[in-house]
Amino acid sequence: MTILQHSIDKETMFNAINRSLALIIFDTNGKILWTNKNFAQIIGYEIEELANMYHKQLCTLTFSNSQEYINFWNNLRSNKAFHDKVERVSKSGSVLWLDAIYTPVINEEGKINAVIKIASDITNREIVLKDSTSRFMALVEEMTASTNEVHNASETAVNSIEELKKESETVKEKVEQIQSIATTVKEIAAQSNLLGLNASIEAARAGDHGRGFSVVANEVRKLADTSKNSAENINYQLNGILKSVTVMMEMVKQVTNNINENSGSIEELKNAYEDVAKTAEELSTII
C-alpha cells in the first residue's frame, strides 16, 4: 500500500514535518534561504534576522575557519548527506548541541541547488551527559590516584624488604664467620688443655722443682676449659641466631612475593580504571 493510495500529498507531509521539527534551507554556498519557526526559536533569532545570513555565522569560529568546514560543504555539494550531533552558537553566544541531518536537494536537472537541514535540540542531554561523564572521570581519576598511592607504597615496601633481605644475608655471613672463629678457639682450647695436661705430668715427675711449673700448667688447663666452654656457648647462641635469621629471610621472601602479586593486581586495576575513563570519554563523543 503506497502513500498515494492514502491520498497524502507532499504539502501535507511537509506541513506535518514543519510543525514538529526544526528546519532550515541553505543554498550550495551556505547562505540561508529559508527557516521555520522551530529552528529560529532554537537558535535564538527571529526568522527575519536569519534571512540572508550564512551557515558559518551559526557555527563556532574554530569550526567555520577549519579545513573540516570546507570538507563539510564540499561533501554536501557532492550529494553526500550528513548526520551527526553538531555544535552551534545561538544569538546570545551560548553553545548549542543539535542532532542534525543535512540532505542535499536535487532539482529536475539533476543538480544540487539547496541543502535542507533537519535538527533537534539536544543541548540539555549533552550538558547532563558531559557533566555526568566529567564527574565519573573525576571519580575514576581519584580512584586511580588512590591506586597509585597503594602501588607506590607497595613498591616502597618491596624496596625496604629487599634492603632488609640484604642486611639479613650480611648478618648470616657475619654469624658464620664468628662460628668459624669460635670453632678455631675451641680447637686451640683443646690443644691448650692437652699441653697443660702434659705439663702437669712433667711437673709431677720433676718433684719439688716442678711445683711452680705445675701451678702454671693447671691454670693453662683451666683457661683452656673456660675457652672451650665459652666457644661452645657462643656457637650454641650463634646457631639460634642463624636459625632465626633463616626463618626471617624465608618470611621476607614470602612477603615480597605477596606484595609483588598484589602490585600486579593493583597495576591491572589501575589499567582497568584508565580503560573505563577512556570508554566514558569515547561514549560522551558518540552519544
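The rules we used
- Residues numbered from 1 in each chain as written.
- Predicted model: local features only at pLDDT ≥ 70, side-chain atom pairs only at ≥ 80, totals over all residues.
- Heavy atoms only, no water.
- Phe/Tyr/Trp six-rings, centres within 6.5 Å; stacked < 30°, edge-to-face > 60°.
- Helix = DSSP H or I, 4+ residues; strand = E, 2+ residues; numbered from the N terminus.
- Lys NZ or Arg CZ within 6 Å of the ring centre and 35° of its normal.
- Buried < 20%, exposed > 50% of the residue type's maximum accessible area, 1.4 Å probe, protein only.
- Arc of directions from axis to C-beta.
- Contact = heavy atoms within 4.5 Å.

A.B. asks: Whenever I open this one, the packing of aromatic side chains confuses me. Can you help?
C.D. replies: By convention here, two paired aromatic rings are described through the distance between centres and the angle between planes. Applying the stated criterion across every chain, the model contains 10 aromatic pairs. Taking 5.9 Å as the distance between ring centres and 90° as the angle between the ring planes, the aromatic pair formed by Phe72 and Trp73 counts as edge-to-face. With centroids separated by 4.9 Å and ring planes inclined at 90°, the aromatic side chains of Phe72 and Tyr102 adopt a geometry described as edge-to-face. Pair noted here: Phe72 is in helix H5 (residues 67-77) and Tyr102 is in strand E4 (residues 95-106), with a separation of 30 residues, a long-range link. Each residue in the set Phe26, Phe63, Tyr69, Phe72, Trp73, Phe82 and Tyr102 is aromatic and connected to the rest through ring pairs, giving one cluster. Residue placement shows Lys85 over the ring face of Trp97; its charged tip is 5.7 Å from the ring centre.

A.B. asks: Please clarify how H5 should be interpreted in this entry.
C.D. replies: The periodicity of an α-helix, 3.6 residues per turn, causes residues three or four positions apart to be oriented the same way. Every buried residue of H5 is accounted for by Tyr69, Phe72, Trp73 and Leu76. Here the buried residues of H5 occupy an arc of 85° about the axis, which is enough to place them on one side. Those residues of H5 hidden inside the fold are in contact with strand E1 (22-26), helix H4 (61-64), strand E3 (82-89), E4 and strand E5 (112-121). At the C-terminal side of H5, Asn79 shows a positive phi close to 65°.

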